[in-house]
Amino acid sequence: MRERMRAEVAMGIHEGVMERIKAQARQEYPNDYSMQAYTVEWEVEAYRELVSYQRPAGVALEDFHQILDGAEQEYPDDYSLQKYSVESEIRSYLKLHGR
């Protein structure tokens, strides 16, 4: 148990986040361990990208936070969908604002 926790911390993922990711994978693929592992890897990568996401030039700080918050509210436990939503909204924002 402690070694697993150390490995998750070493991966840079808060224990609670990792548990939610694993629970979601188990729920989606209860008897498919390879898909569970793939989903965990995919979601961990998306989570890491989200927490390190930098506000692009041309996006107002308030709007950037609104985009991040909106994605989190719409997809609270799905980091890959949050990431997709943020990237899509940023692209659209920049198009609309001529950047």
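That block above? That's the structure.
Which parts of the structure should I look at to understand the layout of surface pockets?
Over the atoms, a rolled probe matching the size of one water molecule traces out where space is still vacant. Taken as a whole, the largest pocket holds about 270 Å³ of empty space. Every residue lining the largest pocket is counted, 14 residues in all, and those nearest its centre are Leu 50, Val 51, Leu 68, Glu 72 and Gln 82. Listed by contribution, the elements that provide at least two residues to the lining of the largest pocket are α3 (33-51), α4 (61-74) and α5 (79-96). Of the residues forming the lining of the largest pocket, the biggest block, 5 residues, is contributed by α4. Class assignment of the residues belonging to the lining of the largest pocket gives a composition of 10 nonpolar, 1 polar and 3 charged.

How should the nonpolar core be read in this particular structure?
It is characteristic of soluble globular proteins that their nonpolar side chains tend to be buried jointly. The biggest cluster of nonpolar side chains holds 19 residues, and the ones touching the most others in it are Tyr 79 and Ile 90. Tyr 79 has contacts with Val 17, Arg 20, Ile 21, Glu 43, Ala 46, Tyr 47 and Leu 50, leaving out every residue within four places of it along the chain.

Explain the packing of aromatic side chains to me, please; I cannot follow it from the model alone.
Describing an aromatic ring pair means giving the distance of the ring centres and the angle of the ring planes. Applying the stated criterion across every chain, the model contains 3 aromatic pairs. Ring geometry for Tyr 38 and Trp 42: centres 6.2 Å apart, planes at 15°, overall stacked. With Tyr 38 and Trp 42 both in helix α3 and 4 residues apart, the pair spans about one turn of that helix. Taking the relative accessible area as the measure of exposure, Tyr 38 reaches 47% and is therefore partly exposed. Plain terms: the ring middles of Tyr 47 and Tyr 79 are 5.1 Å apart, the flat faces sit at 80° to each other, and that makes the pair edge-to-face. Here Tyr 79 lies in helix α5 and Tyr 47 lies in helix α3, a separation of 32 residues in the sequence. Comparing Tyr 47 with Tyr 79 shows no difference in burial state: the two are buried.

What should I look at first to understand the pattern of salt bridges in this one?
Oppositely charged side chains may form a pair once their charged atoms are brought near each other. A complete count under the given rule lists 3 salt bridges for this structure. The partner of Lys 83 in a salt bridge is Glu 49, with the nearest N and O atoms 3.2 Å apart. In this pair, Lys 83 is assigned in helix α5 and Glu 49 in helix α3, connecting sequence segments 34 residues apart. The partly exposed category is assigned to Glu 49, whose relative accessible area is 30%. Lys 83 serves as the salt-bridge partner of Glu 87, at 3.3 Å between the closest nitrogen and oxygen.

What's the story with the packing of α3 against α5 in this structure? I'm lost.
Packed helices, taken two at a time, are described by the angle their axes make and the gap between the axes. In the contact formed by α3 and α5, the axes pass within 7 Å of each other and the chain directions differ by 40°. Relative to α5, α3 is oriented oblique. Relative to α5, α3 is oriented so that their crossing is left-handed. For the pair formed by α3 and α5, the contact residues are Trp 42, Glu 43, Ala 46, Tyr 47, Glu 49 and Leu 50 on the first element and Tyr 79, Ser 80, Gln 82, Lys 83, Val 86 and Glu 87 on the second. When its residues are assigned to classes, the contact of α3 with α5 shows 6 nonpolar, 2 polar and 4 charged.

Criteria and cut-off values
- Residues numbered from 1 in each chain as written.
- Predicted model: local features only at pLDDT ≥ 70, side-chain atom pairs only at ≥ 80, totals over all residues.
- Heavy atoms only, no water.
- 1 Å grid on protein atoms, 1.4 Å probe; cavity = no way out; pocket = protein on both sides within 12 Å on 5 of 7 lines; lining within 4 Å.
- Points joined across faces, edges and corners; volume = space filled by probe spheres on them.
- Helix = DSSP H or I, 4+ residues; strand = E, 2+ residues; numbered from the N terminus.
- Nonpolar A, V, L, I, M, F, W, Y, C, P; charged D, E, K, R; others polar.
- Core = buried A, V, L, I, M, F, W, Y, C linked by side-chain atoms within 4.5 Å.
- Buried < 20%, exposed > 50% of the residue type's maximum accessible area, 1.4 Å probe, protein only.
- Contact = heavy atoms within 4.5 Å.
- Phe/Tyr/Trp six-rings, centres within 6.5 Å; stacked < 30°, edge-to-face > 60°.
- Salt bridge = Lys/Arg side-chain N within 4 Å of Asp/Glu carboxyl O.
- Axes fitted to C-alpha atoms, helices over the stretch in contact; angles between N-to-C directions.
- Parallel < 35°, antiparallel > 145°, perpendicular 65-115°, else oblique.
- Left-handed = near helix turned anticlockwise from the far one by under 90°.

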